[in-house]
Amino acid sequence: MSKEFIAQKALIVDEITEKFNNAASAVVVDYRGLTVEQVTALRKELREAGVEMKVIKNKILVRAAEKAGYEGMEEVFSGPTAVAFSSEDVVAPARIIATFAKTAEALSIKGGVIEGKVATLEEINALATLPSRDGLLSMLLSVLQAPVRNVAYALNAVAESRDEEPAA
């Protein structure tokens, strides 16, 4: 191998290492058996959610994961492998891929990384069932508004009951 070729590979490993380091989550999938149309549709859906999906050679993934401090991912990096990186939304890649896998049975999740920790298939699937960030914020807002809303209803009920009392 020439020195230029080795230097190019090292640059690619560094780029993927940086993606792992900057990712809120990364989901590793086996895309074997998907049609070109299915892969295109999946990439489009992921891109719209701010997630980048890359097909990367397994040896490069192993080196980049080790360099990023993720030990024990060699088993996950076998066969045709693609990785969906999300730097903002932790849930988005897992949720989109799990939903897409219901219609495209050839797509399978192998594992990944969640907030700096190696995640198993079960952990990725559990993450996929969580609502989106916006959904979670909406739930939180609803919980925070409930006490204020209840006080307003009680005050309104008291005011209405006083208006309905007969004048004596």
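See the structure printed just above.
A brief structural summary.

## Looking at the overall build of the protein chain
No. 1: Of the regular secondary structure elements, the protein chain holds six helices and five strands.
No. 2: Element order for the protein chain, N to C, with α for helix and β for strand: α-β-α-β-α-β-α-β-β-α-α.
No. 3: In summary, the protein chain has a C-alpha radius of gyration of 24 Å against a globular reference of 15 Å for 168 residues, an excess of more than 25%.
No. 4: Counting only C-alpha atoms and orienting by the principal axes, one finds that the protein chain spans roughly 105 × 30 × 25 Å.
No. 5: In the protein chain, buried positions account for 33% of the 168 residues.

## Thoughts on a negative patch on the surface
No. 1: A surface patch of like charges, here negative, comprises Glu66, Glu71, Glu74 and Glu75.
No. 2: With respect to the helices and strands, the residue Glu66 is situated in helix 3 (residues 58–68).
No. 3: According to the relative accessible area criterion, Glu66 is partly exposed, its value standing at 36%.

## Regarding the pattern of salt bridges
No. 1: A full pass over the atoms with the stated rule returns five salt bridges.
No. 2: Residues Glu48 and Lys44 are paired through a salt bridge, measuring 3.0 Å at the closest nitrogen-oxygen approach. Of this pair, Glu48 and Lys44 are both found in helix 2 (residues 36–48), four residues apart, which corresponds to roughly one turn of the helix.
No. 3: For Glu48, a relative accessible area of 60% gives the class exposed.
No. 4: Judged by relative accessible area, which is 46%, Lys44 ranks as partly exposed.
No. 5: By sharing partners, the salt bridges in this structure join Lys19, Glu52 and Lys54 into a single network.

## Describing the environment of Ile124
No. 1: Here Ile124 lies in helix 5 (residues 121–128).
No. 2: With 10 residues separating them in the primary sequence, Ile124 and Ile114 have C-alpha atoms 8.1 Å apart.
No. 3: With near-sequence residues (within four places) excluded, Ile124 lies in contact with Val27, Ala94, Ile109, Gly111, Gly112, Ile114 and Ala119.

## Let's talk about a nonpolar patch on the surface
No. 1: Judged by side-chain polarity, Leu137, Leu140 and Leu144 come together as a nonpolar surface patch covering roughly 290 Å² of accessible area.
No. 2: With respect to the helices, strands and loops of the structure, Leu137 is situated in helix 6 (residues 133–164).
No. 3: Its relative accessible area of 42% is what places Leu137 among the partly exposed residues.

## Points about the pairing of strand 4 (residues 108–114)
No. 1: The element strand 4 is largely enclosed, with a buried count of six among its seven residues.
No. 2: Bridge count for strand 1 (residues 25–30) against strand 4 is six bridges, and the pairing is antiparallel. Bridge pairing in strand 4 places Val28 opposite Gly111.
No. 3: Relative to strand 5 (residues 117–119), strand 4 runs antiparallel, the two being bridged by three bridges.

Rules and cut-offs
- Residues numbered from 1 in each chain as written.
- Predicted model: local features only at pLDDT ≥ 70, side-chain atom pairs only at ≥ 80, totals over all residues.
- Heavy atoms only, no water.
- Helix = DSSP H or I, 4+ residues; strand = E, 2+ residues; numbered from the N terminus.
- Rg over C-alpha atoms; globule rule 2.2 N^0.38 Å.
- Buried < 20%, exposed > 50% of the residue type's maximum accessible area, 1.4 Å probe, protein only.
- Patch = residues over 30% accessible without salt bridge, like charges linked within 9 Å, V, L, I, M, F, W, Y side chains within 5 Å.
- Areas by Shrake-Rupley, 256 points an atom, 1.4 Å probe, with all protein chains shown as cover.
- Salt bridge = Lys/Arg side-chain N within 4 Å of Asp/Glu carboxyl O.
- Lys, Arg positive; Asp, Glu negative; His and termini not counted.
- Charge placed at Lys NZ, Arg CZ, Asp CG, Glu CD.
- Contact = heavy atoms within 4.5 Å.
- Pairing = 2+ DSSP bridges.

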